[in-house]
Structures are given as C-alpha cells and as structure tokens.
Amino acid sequence: MNKISLIDPKNEYNDWFNSPFYHKLYNNRDYSEAKKFISKLLNYLSLKKNSTILDAACGKGRHSIQLEKLGYNVTGIDLSENSINEAKKSENRNLKFLIHDISKPLNIKHDAVFNLFTSFGYSESKEKDVQILNSIKQNLKKNGTGVIDFFNIINIKKNLVPNDTVTKEGIEFKISRKIEDNMVVKNISFIDKDILYSFKEKVNALTLKDFKDYFNKTNLDLIKVFGDYNLKNYDPNLSERLIMIFKNK
Ligand SMILES: C[S@@+](CC[C@H](N)C(=O)[O-])C[C@H]1O[C@@H](n2cnc3c(N)ncnc32)[C@H](O)[C@@H]1O
C-alpha cells in the first residue's frame, strides 16, 4: 500500500483544507448551518443593505453565499485553491471570491470583516496571529464591524475525545486529538483507494483572554461575546463557541 503523509512542518498552511477529504469529513458543516447562523448574526448586527463584507477564510463560501442572498456586497478570500474554485461557481455581481492569504491586507476597506468557524490561530506564533488581526483591521472602515467565531478552548479541553473513528462517504477517518504546546492538535488518517493518508490540523489553544490581548495590541474594541450559533451569551464553562464582535476605532 502507498503511504502519503501530507504534513509539511515548514509550511504553516497545510494542504488538509485544500483536499477533498476535508470537505468529506466535515460535510455536516453545511449551508443550512451557515444560513441559520448568518441570519441571526446579521439580525443582531443590523448592517445596512449593500454594506460591503469580507469573509476572511471563506472556505467554499457557505457564509458568503448566504450574506449575498441577504443583500450584502460580499468578497470571500481563502488560501485553498480548490475551495475558491468551488466557491466561484456561485459568483455574481455582488459576490466575488479570490485566493488570498488573510494575513495580507487587501487594501480595500469593508463595512464588516468576518472570520468564521475556527479560521484563525493556524500559525504557530502569537505574532502571526496579531498580524492576521492587523490585516483584518486594515480591511475594515473606521467604525467597521469585525466578527471572529472560534472554538471555546475551555469546552474543548473538558470534552476532548482522544480517539475516534468517523465514517463519511465510505471513508473511515481515524481521528486522534490532543493538546500539545498550547495547540489543539488533530491527526486524521484514513485509506482511500489503497493509499494511506495522514493529515494534521493544529490550532492555537486561544482563550478569550488571549483574544482580548490581541484586540488591545491592534487597537480594536471588543463589544460583545456570544457562546453559540443561536447567539446565547458566552459562558466559559458551557459554551461551544467563542464568537467575538468588535469594532475598528
Ligand atoms: C475550518 S475552515 C472554515 C472555512 C469556512 N469559514 C467555513 O466555515 O466553511 C478554515 C479555513 O481557513 C483557511 N485558511 C487558513 N489559513 C488561512 C490563511 N492564512 N489565509 C486564508 N485562508 C486561510 C483554510 O483554507 C480553510 O478554508
């Protein structure tokens, strides 16, 4: 059997997100989940119709597509070429996608910048995290609104399942999880067509306190924290998500 290991320690952005297997494993994180969340979020934010929104690390564009349907002018960016090619099938006058690194500003100011479903914290240094937040800020108009939707690390640590197996679309994914060097590390291995694949996903184990420190460093104002996609208030011990709403001063 051939063995393929798709982990390049030198490359911070790993190919996992660009592989079709990522989308097979997470096929439940779909458009209906995005639709419900986006409608609640936009109801709360009350952005004017035609506002410009940047979906930073948009994946295949499930949130961008919903945002455009609600009447916003949306640009989605992501480093995954395959995801952007898929997203581009939905492009129209008010919905555009491009391959772009979120750590580099686009030099276009938006009314809002969203970073959704744990699309932050993949770099192995806090300086790079701050650089990404700075780039988000550069993409925001004065008084523009930012949203970062991250996991709640307290909940992750409490409920960490070290090993499990998930079968999706005929592939048995063996997943192991651990916290190492203050990162949540997930190893995903599986066999497809006689090839053994092994991917690694590493995300910084960031707390609300870490984000508050980042917001201070980048001169952004944290104004509200929600704890799930129904926009319940954040409870450190119970919430699944850490959804932070902030403003560019
Ligand atoms: C967990 S996925 C979420 C994607 C999308 N927001 C969603 O909800 O479907 C994280 C995404 O972050 C993207 N990503 C990670 N680092 C990036 C970077 N530096 N620049 C652009 N995209 C990045 C990955 O390619 C991946 O699509």
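Residues numbered from 1 in each chain as written. Predicted model: local features only at pLDDT ≥ 70, side-chain atom pairs only at ≥ 80, totals over all residues. Heavy atoms only, no water.

Time to look at the overall build of the chain. The secondary structure content of the chain amounts to seven helices and 12 strands. For a compact globule of 249 residues, the expected C-alpha radius of gyration is about 18 Å, and the chain comes in at 18 Å, within 12% of that figure. Dimensions of the chain, computed from C-alpha atoms along their principal axes, come out at roughly 55 × 40 × 35 Å. Taken over 249 residues, the chain has a buried fraction of 49%. Considering only residue pairs separated by 6 or more positions, the chain has 64% of its internal contacts joining residues 24 or more positions apart. Of the roughly 12500 Å² that the chain leaves accessible, carbon and sulfur atoms contribute 48%. Of the charged side chains in the chain, 41 are positive and 31 negative, and the gap between their average positions amounts to 5 Å. (Helix = DSSP H or I, 4+ residues; strand = E, 2+ residues; numbered from the N terminus. Rg over C-alpha atoms; globule rule 2.2 N^0.38 Å. Buried < 20%, exposed > 50% of the residue type's maximum accessible area, 1.4 Å probe, protein only. Contact = heavy atoms within 4.5 Å. Areas by Shrake-Rupley, 256 points an atom, 1.4 Å probe, with all protein chains shown as cover. Lys, Arg positive; Asp, Glu negative; His and termini not counted. Charge placed at Lys NZ, Arg CZ, Asp CG, Glu CD.)

The next point concerns the pairing of strand β7 (residues 163-168). Within a regular strand, the side chains alternate between the two sheet faces. Bridging between β7 and strand β8 (residues 171-180) involves six bridges; their strand directions are antiparallel. Bridging across to β8, lysine 168 finds its partner in isoleucine 171. Connecting β7 to the next strand, β8, in antiparallel fashion are two residues, including glutamate 169 with a positive phi near 45°. (Pairing = 2+ DSSP bridges.)

Accessible area lost during the coming together of the parts is what is often quoted as the interface size. The domains assigned to the chain are domain 1 (2-23 + 156-203) and domain 2 (26-152 + 206-248). On a C-alpha basis, the centres of domain 1 and domain 2 stand 24 Å from each other. Taken residue by residue, the interface counts 17 residues in domain 1 and 22 residues in domain 2. For the pair domain 1 and domain 2, the two sides together bury roughly 1800 Å², of which 48% comes from carbon and sulfur. Our count for the contact surface shared by domain 1 and domain 2 stands at eight residue pairs in polar contact (both at pLDDT 80 or more). For the side of domain 1 that touches domain 2, the elements supplying multiple residues, two or more each, are α1 (20-25), α6 (153-158), β9 (183-192) and β10 (195-204). (Domains from an automatic or database assignment. Buried area = accessible area lost by both parts, 1.4 Å probe. Polar contact = N/O pair within 3.5 Å; in protein donor to acceptor, adjacent residues only side chain to side chain.)

Before going further, it helps to spend a moment on the sheet that holds strand β3 (residues 73-78). Whenever strands of a sheet pair, they do so through backbone hydrogen bonds, lying parallel or antiparallel. Sheet architecture is open: seven strands sit in the order β4-β3-β2-β5-β6-β12-β11, paired in mixed fashion. Where the open sheet ends on each side, the last strands, each with one partner, are β4 (95-99) and β11 (220-226). For this sheet, the mean inter-axis angle between neighbouring strands, taken without regard to orientation, is 20°. Across five bridges, the pairing between strand β2 (residues 52-56) and β3 is parallel. Paired with leucine 54 across the strands is threonine 75, a residue of β3. Packed onto the sheet, helix α3 (residues 62-69) meets β2, β3, β4 and β5 (110-115) and runs at close to 155° relative to β4. Contacts from helix α5 (residues 126-138) reach β5, β6 (140-151), β11 and β12 (241-248) within the one sheet, and its direction differs from that of β6 by about 140°. (Axes fitted to C-alpha atoms, helices over the stretch in contact; angles between N-to-C directions.)

This brings us to the pattern of salt bridges. Scanning the model with the defined rule gives 14 salt bridges in all. Of the charged contacts, one joins glutamate 33 and arginine 62 as a salt bridge, the two residues approaching to 2.8 Å between their closest N and O atoms. Taken together, the residues span a long stretch of sequence, with glutamate 33 in helix α2 (residues 31-45) and arginine 62 in helix α3 at a distance of 29 residues. According to the relative accessible area criterion, glutamate 33 is buried, its value standing at 17%. For aspartate 111, the salt bridge identified is with lysine 141, shortest N-O distance 3.0 Å. Remark: lysine 141 occurs in strand β6 and aspartate 111 occurs in strand β5; sequence separation between them is 30 residues. (Salt bridge = Lys/Arg side-chain N within 4 Å of Asp/Glu carboxyl O.)

Right, let's talk about the side chain of asparagine 248 for a bit. As for its placement among the helices and strands, asparagine 248 is situated in strand β12. Engagement of the side chain of asparagine 248 in a polar contact is seen with the backbone oxygen of lysine 141, the distance being 3.3 Å. The residues contacting asparagine 248, other than those within four sequence positions of it, are Lys137, Leu140, Lys141, Lys142, Asn143, Gly144 and Leu220.

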